[in-house]
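The residues making up each chain are set out below.
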Amino acid sequence: MSIQYIASSKLPTPFGVFTMHGFEDTVAGKEHVALTLGDVGNGEPVLARAHSECLTGDALFSMRCDCGYQLEEAMRAVAEAGHGVVLYLRQEGRGIGLLNKIRAYHLQDQGADTVEANEQLGFGADLRDYSMCEPMLSHLGIYAIRLMTNNPRKVRALSDAGVKVVERVALEVGRNPYNEGYLSTKASKLGHMLSSAAATAPLTHQDDEPVGE
Ligand SMILES: Nc1nc2c(ncn2[C@@H]2O[C@H](COP(=O)(O)OP(=O)(O)OP(=O)(O)O)[C@@H](O)[C@H]2O)c(=O)[nH]1
Ligand SMILES: [Zn+2]
């Protein structure tokens, strides 16, 4: 198996004290992380998020997408439930990588949507692979999950990869004027289950009125 468990440590966050588990994909050369909180290995289905890396949204406060908001809400929900897991998967830009995502954003600045931009760069719309999830979850003693996502293809991909998904839990947060078009493209072209007036969960950096655009 190419996924190897490496080490664990505490990770205190504003939401609670998680345990961070590091894994290495020795074939792809990628490092992935699982954050757990509470007892996740008791056989009960576990509240879970499989979150694909988005440096811009997760770390740089970007409002172009909903990733940062979803990550924050997922960690908050796990803390509120008292147990759960967040898999942080290092497949930036739906698998095309950070620099290609910046190229794609440049094309989107000029009018392409998120799918057209990928295609203009010669990539498929979504190159992600979820095969690391089952071995990571198994290592943590998790055999069934309640998956926080709006993406039905992610549910199918995880199921196809051997993960028992007993429920999909909607995760609609962070809609704002900068990601409105992106979210409607996700719904129309990528099949995401999104209501048009999704609830917003403002983050501290979302307080300012948008400027430009
Ligand atoms: N190529 C590309 N990747 C993007 C863009 N915006 C966000 N991403 C990446 O998309 C991934 C997140 O995918 P999303 O489609 O937003 O959400 P999802 O994971 O499919 O679905 P949810 O579980 O509902 O969040 C992350 O890896 C982001 O870096 C974009 O415009 N172009
Ligand atoms: Zn994002």
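Computed from a prediction, not measured in an experiment: that's the story for all the values here.

Cut-off values and rules
Residues numbered from 1 in each chain as written. Chains lettered and ligands numbered in written order. Predicted model: local features only at pLDDT ≥ 70, side-chain atom pairs only at ≥ 80, totals over all residues. Heavy atoms only, no water. Helix = DSSP H or I, 4+ residues; strand = E, 2+ residues; numbered from the N terminus. Rg over C-alpha atoms; globule rule 2.2 N^0.38 Å. Buried < 20%, exposed > 50% of the residue type's maximum accessible area, 1.4 Å probe, protein only. Contact = heavy atoms within 4.5 Å. Pairing = 2+ DSSP bridges. Axes fitted to C-alpha atoms, helices over the stretch in contact; angles between N-to-C directions. Near = heavy atom within 4 Å. Polar contact = N/O pair within 3.5 Å; in protein donor to acceptor, adjacent residues only side chain to side chain. Areas by Shrake-Rupley, 256 points an atom, 1.4 Å probe, with all protein chains shown as cover. UniProt positions renumbered as here; feature names shortened; annotations may be inferred. Donors = N, O, S within 2.8 Å, 3.2 Å for Na, K, Ca; no water. Right-handed = clockwise from strand over helix to strand, strands pointing away.

Caption draft 1: Region of interest: the overall build of the chain. The helix and strand inventory of the chain stands at seven helices and seven strands. The N-to-C order of helical and strand elements in the chain reads β-β-β-β-α-α-β-α-α-α-β-α-β-α. For the chain, whose C-alpha radius of gyration is 17 Å, the value lies close to the compact-globule estimate of 17 Å for 213 residues. If one aligns the C-alpha atoms of the chain with their principal axes, the spans along those axes are about 50 × 35 × 30 Å. Counting every position in the chain, which comprises 213 residues, the buried fraction comes to 47%. Across the chain, contacts joining residues at least 24 apart in sequence account for 61% of those joining residues at least 6 apart.

Caption draft 2: Looking closely at the sheet that holds strand 6 (residues 144–148). As summarised here, the arrangement of the seven strands in space is 1-2-3-5-4-6-7, forming an open sheet in which the pairing is mixed. Taken across any chain shown, the strands that pair with only one partner, and hence form the sheet edges, are strand 1 (3–12) and strand 7 (164–169). Averaged over all neighbouring strand pairs, the angle between strand axes comes to 25°, with direction disregarded. Sheet topology note: the strand 2 (residues 17–25)/strand 3 (residues 30–37) ladder contains seven bridges and is antiparallel.

Caption draft 3: Fine view of the site of ligand 1. Around ligand 1, the structure places 25 residues, and the nearest of them are Arg49, Arg128, Thr149, Asn151 and Tyr182. Separating an oxygen atom of ligand 1 from a side-chain N or O atom of Glu92 is a distance of 3.1 Å. One nitrogen or oxygen atom from the side chain of Asn151 is found 2.7 Å from an oxygen atom belonging to ligand 1. Taking 650 Å² as the accessible area of ligand 1 by itself, protein coverage stands at 99%.

Caption draft 4: Up close: the UniProt feature "binding site: Zn(2+)" (unreviewed entry) in the chain. What UniProt calls "binding site: Zn(2+)" (unreviewed entry) maps, in this numbering, to Cys54, Cys65 and Cys67. In this fold, Cys54 is placed in the loop between strand 4 (46–52) and helix 1 (55–59). Judged by its relative accessible area of 4%, Cys54 falls in the buried class. Beyond its immediate sequence surroundings of up to four residues, Cys54 is in contact with Ala59, Cys65, Cys67, Tyr88, Glu92 and Lys101. Mapped onto the secondary structure, Cys67 falls in helix 2 (residues 67–81). Cys67 sits in the buried class, given a relative accessible area of 13%. Ignoring any residue separated from it by four or fewer positions in sequence, one finds Cys67 in contact with His51, Cys54 and Asp58.

Caption draft 5: Molecular detail of the UniProt feature "domain: GTP cyclohydrolase II" (unreviewed entry) in the chain. When the UniProt feature table is mapped onto this chain, "domain: GTP cyclohydrolase II" (unreviewed entry) is found at residues 7–169. The straight-line gap between the two end C-alpha atoms of residues 7–169 is 29 Å; of that span, 34% is helix and 29% is strand.

Caption draft 6: Just the coordination of the zinc ion (ligand 2), in detail. Looking at the zinc ion (ligand 2), the protein donor atoms are Cys54 (SG), Cys65 (SG) and Cys67 (SG), and they sit 2.1 to 2.2 Å from it. Each donor residue of the zinc ion (ligand 2) belongs to the same chain, with the gaps between them written as C-x10-C-x1-C. Highlighted residues: Cys54 in the loop between strand 4 and helix 1 and Cys65 in the loop between helix 1 and helix 2, separated in sequence by 11 residues. Cys65 matches Cys54 in its accessibility class, with the two residues each being buried.

Caption draft 7: A look at the pairing of strand 7. Inspection of the sheet shows strand 6 paired to strand 7 by five bridges, in the parallel sense. Residue pairing in the sheet places Ala144 in a bridge with Lys164 of strand 7. With respect to chirality, the unit in which strand 6 leads through helix 6 (residues 152–160) into the neighbouring parallel strand 7 is right-handed.

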